[in-house]
Amino acid sequence: MDMRVLLISALLGFVSHIRAKTESNVCTSATAKTCGECIQIGPQCVWCKDPDFKFSRCDDKESLEKAGCAVVDIENPRGNVTIDKNKPVTNRKTEGGANLRPEEITQIQPQKLTLNLRSGEPQKFTLMFKRAEDYPIDLYFLMDLSDSMRSNLENVKNLGADLAKEMRHITKDLRIGFGSFLEKLAMPFILMTPKYLVNPCFPNDCTAPFSYKNVLSLTNDSTLFTKEVSKQKTSGNLDSPEAGFDAIMQAVVCTKEIGWRNVTRLLVFSTDAGFHFAGDGKLGGIVRPNDGKCHLDKNMYTMSTHFDYPSISQLVDTLSDNNIQTIFAVTEPFRALYQELSALIPKSTVGTLSASSTNVIQLIIDAYNSLSAEVILEHTRLPPGVSISYVSHCKNGVSRKDESGQTCSNISIGDEVKFDIEITAKGCPSNGNSETIKIKPLGFNEEVEVVLNFICKCECHKDGIPNSPSCHFGNGTLECGICRCNEGRLGRLCECSQNEVESDDLDANCRVGKETEVCSNNGVCLCGTCECKKRDNPEERYSGKFCECDNFSCDRSNNKLCGGHGRCECKKCICDANYTGSACDCSLDTSTCLASNKQICNGRGKCECGACKCTDPKFEGPKCEICPTCSRICTERKDCVECRQFGMGSKKHTCEKECSNFSVIPVNKKEDLPQAINQPHINHCKERDPNDCWFFFTYATKNDDKIEVHVAEEKECPSGPDIIPIVAGVVAGIVLIGLALLLIWKLIMIIHDRREFAKFEKEKMNAKWDTGENPIYKSAVTTVVNPQYEKN
């Protein structure tokens, strides 16, 4: 007996598990036909390769195990990360110091990885970056030689030796070069008359105009730099913007001519004007887009009149592809313009140029430190369906993710930072081949090679048995537990030949009528017979000759098929006993309609589907026990209750005649009145008598339509106001208000008197005559003094 109970419990548990799976289960709802299709749905989907397995082969691992698929028969390939090249980052203090060549220095680790990617399963790895000490630098100074830059040219002539001296604390391996630019040799950019083509600054002395000239390729001889730059003279053109973009393009792409090494590359761009960009060349009839290739002949750009200026986006891509970090040294009026340009060019900065060689050197050093202090990772184009995300771990425990995860700032020489990188594939590429992407820090020549291999097939595909007897006498390959039919064969076991019956006749045998779907769109037609689709839930199935029936599309009630009181057969409910309706949701049992008085619906209705339907329009409720309109009895019975209980009211003289149709049951207090808990259909009333007192009563309508009234003998009368506190408060208020008014009046008078007295004192001090003398009095005596009297 106990064993039977255990088996039943286990079966019920399995059925409950299957029912809990809904069509949101992506593994089963995708209806994968092969193991390869299954594992591409998502990392949670696995395949059962057991040939005898009868349920859906593509499902999650737990479901397949519970359905009876052995663990050894489950195909579940997983992705992984393999590090192919992992040279540690260089520590020059312990690894040979200055003896290391540039190509022997490592700043990023690892250098090569292989990722096996399964659809939807992310693979993670970590990159470490460290700025190497004493790393070589190539610095190319590109200068605008229009005549307005004459004073700045003088400062640059002594730049080489001073710059090498100042940058010794950064690197001992510095190479420096110089190039100059002016404008395209076409109207309206320059004046094309012969005289001005020789000396555009006439009558002043200038060199002939040119577009771009590589004056000195990169060298570590600072004396040679000073010598060559000293030979340079300015030139002139007509418009303010210059051909700086042409010069940058040639200086970047002409790697061999300029002498760029695979080290830190700096391009210092110095000008006091704006720039022309793509489209401006049309003014001179130059319409061919810039091809982004090197066109130097004897160090001169020869195709300035053949190709338009580069576009900004073209320039950005070229600088990034060649690991060039750009420093814009410009005059103050154009600083804002180049700030906007710098915002579009990664690893670039802007400094203000002044008439001092010391300023230029300090500008370059500050700009280099600013650019080198920020590490920005970038990657090449990703294959379709592949995504990548970064999380950076910078100095002082600072971590960033999302768009900021590719960047670390304030990095000094010798600092190590880490980047956690996650790569995820969605599906497999159409060609199924591996792809390679590269990740590198902007402005640096080193990069990480990442090989992406896509897991598109299961291991069991390699173990397929061609012409297996299990596939209808060898008409297919038994692969991962299913038959992959040979050409011209059909069916789950390849039992049908396409040549046996024409396709039109084959489909006609699988239709109910000419206008209907093949196999009711619930199956496939194989050999003229419908093979119905299988559902995710083994309990649900299609049936019938044309798969026209199913046992799960019947009406539901309370989210249960056939209300849980019947079974579904060919889309129609077959109800259990005592139930009816399209969803078996109508109960024939009347016990739920039985009222407390043992009557069906209190005798005021009939029982339908286990619920009362009231026939008396005055009543409602689960058992027709509620009378909403009966609440008027409070006002209708007020006078009768008042005269019957208290002997007062408007009907006290006609009480016996008009108020004899109900009984009155007195109680002491309103708390003693019957409560709704004990009698659910009782109504409570509260009314006011002529003395403004409240009295309380209840009424209830019985089955015989008689009214039973309970009345509380104790009333609630309002108490009168306390006169003494009110009078005392009024008197006190009047007295206080009077005193306050007197004090205010007294204060006003004091202030007024003091102001008048002060005014009097002020007028007294300002008087110009003394009150002791008469100002209009004049003496009648005149005194005359002889000035010579004392001398005699």
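Residues numbered from 1 in each chain as written. Predicted model: local features only at pLDDT ≥ 70, side-chain atom pairs only at ≥ 80, totals over all residues. Heavy atoms only, no water.

Undergrad: Quick question: what am I supposed to make of the overall build of the protein chain here?
TA: Along the backbone of the protein chain there are 18 helices and 42 strands. Looking at the protein chain as a whole, 41% of its 792 residues qualify as buried. Total accessible area on the protein chain is roughly 44,600 Å²; 52% of this is exposed by carbon and sulfur atoms. (Helix = DSSP H or I, 4+ residues; strand = E, 2+ residues; numbered from the N terminus. Buried < 20%, exposed > 50% of the residue type's maximum accessible area, 1.4 Å probe, protein only. Areas by Shrake-Rupley, 256 points an atom, 1.4 Å probe, with all protein chains shown as cover.)

Undergrad: How should the sheet that holds strand β18 (residues 399-401) be read in this particular structure?
TA: Two strands in a sheet stick together by hydrogen bonds in their backbones, pointing the same way (parallel) or opposite ways (antiparallel). Strand order in this open sheet of five strands is β5-β7-β20-β17-β18, and the pairing throughout is antiparallel. The open sheet has two free edges, formed respectively by β5 (108-109) and β18, since each of these has just one partner strand. Taken together, the eight bridges between strand β17 (residues 386-393) and strand β20 (residues 416-425) define a ladder with antiparallel strand orientation. Among the inter-strand pairings, S392 is bridged to a residue of β20, identified as F419. (Pairing = 2+ DSSP bridges.)

Undergrad: For this particular structure, what's the right way to read the packing of aromatic side chains?
TA: For any two aromatic rings, the description comes down to two numbers: the centre-to-centre distance and the angle of the planes. Applying the stated rule across the entire model yields 15 aromatic pairs. For the ring pair F275 and F277, a centre distance of 6.3 Å and an interplane angle of 55° mean the geometry is tilted. The exposure class assigned to F277 is partly exposed, which follows from its relative accessible area of 38%. Ring pairing ties together the aromatic residues F181, F245, F269, F275, F277, F328 and Y338, which thus form one cluster. (Phe/Tyr/Trp six-rings, centres within 6.5 Å; stacked < 30°, edge-to-face > 60°.)

Undergrad: Got a minute to help me understand the environment of K457 in this structure?
TA: Locating K457 in the fold gives a position in the loop between β22 (448-454) and β23 (476-479). Beyond its immediate stretch of four places on either side in the chain, K457 contacts G36 and I39. (Contact = heavy atoms within 4.5 Å.)

Undergrad: Where do I start with a nonpolar patch on the surface in this structure?
TA: On the surface, I723, V727, V731, V735, L736, L739 and L742 cluster together into a nonpolar patch covering about 660 Å² of accessible area. As for its placement among the helices and strands, V727 is situated in helix α18 (residues 723-765). (Patch = residues over 30% accessible without salt bridge, like charges linked within 9 Å, V, L, I, M, F, W, Y side chains within 5 Å. Salt bridge = Lys/Arg side-chain N within 4 Å of Asp/Glu carboxyl O.)

Undergrad: How should I be thinking about the sheet that holds strand β3 (residues 74-75) in this particular structure?
TA: Within the open sheet, the three strands sit side by side as β2-β1-β3. Their pairing is antiparallel. Of all strands in the sheet, those with a lone pairing partner are β2 (58-60) and β3, marking the two edges.

Undergrad: What is the right way to read the confidence of the model for the protein chain from this model?
TA: Looking at the protein chain as a whole, its pLDDT mean stands at 83, while 89% of the residues score no less than 70. Between residues 14-23, whose pLDDT stays under 50, and residues either more than four places distant or in other chains, the model counts 16 contacts. (pLDDT = per-residue confidence, 0-100.)

Undergrad: Help me understand the state of the cysteines in this model?
TA: Throughout this description, disulfide means a covalent bond between two cysteine sulfur atoms. Per the stated rule, a full pass over the model turns up 23 disulfides. Across the disulfide, C593 is cross-linked to C607 (sulfur-sulfur distance 2.1 Å). Across the S-S bond of C593 and C607 the torsion is about 60°, and the bridge reads as right-handed. Of this pair, C593 sits in the loop between β36 (586-587) and β37 (605-608) while C607 is found in strand β37, placing the two residues 14 residues apart along the sequence. Since its relative accessible area comes to 0%, C593 is described here as buried. (Disulfide = S-S within 2.5 Å.)

Undergrad: Looking at this structure, how should I read the packing of helix α5 (residues 150-157) against helix α8 (residues 222-230)?
TA: When two helices pack together, their arrangement is given by the angle between their axes and by how far apart the axes lie. Following both chains from N to C, one finds α5 and α8 inclined at 155°, their axes separated by 9 Å at the closest point. Considered as vectors, α5 and α8 are oriented roughly antiparallel to each other. The handedness of the crossing between α5 and α8 comes out as left-handed. Of α8, the residues touching α5 (which contributes L153, V156 and K157) are F225, T226, V229 and S230. (Axes fitted to C-alpha atoms, helices over the stretch in contact; angles between N-to-C directions. Parallel < 35°, antiparallel > 145°, perpendicular 65-115°, else oblique. Left-handed = near helix turned anticlockwise from the far one by under 90°.)

Undergrad: What am I meant to see in the nonpolar core here?
TA: Buried together is how nonpolar side chains tend to be arranged in soluble globular proteins. Counting 33 residues, the largest nonpolar core has F141, L159, L163 and F178 as its most contacted members. Once you skip the residues sitting within four places of it in the chain, L159 turns out to touch F141, F225, V360, I361 and I364. With 32 residues, the next largest nonpolar core counts I248, M303, V330 and V350 among its residues. (Core = buried A, V, L, I, M, F, W, Y, C linked by side-chain atoms within 4.5 Å.)

Undergrad: I keep staring at the pairing of strand β1 (residues 45-48) and nothing clicks. Help me out?
TA: Looking down a regular strand, the side chains alternate between one sheet face and the other. Both faces of β1 are covered, namely the face carrying C45 and W47 and the face carrying V46 and C48. In this structure, β1 lies alongside β2, joined through three bridges in antiparallel fashion. Looking at the pairing, C45 lines up with D60 of β2. Two elements, β1 and β3, share two bridges in a ladder whose sense is antiparallel. The residue bridging C48 from the neighbouring strand is I74, located in β3.

Undergrad: Looking at this structure, I do not really get the side chain of D138. What am I missing?
TA: Checked against the element boundaries, D138 lands in strand β8 (residues 137-144). If sequence neighbours within four positions are ignored, D138 has contacts with R175, L218, G259, W260, R261, V263, T264, R265 and L266.

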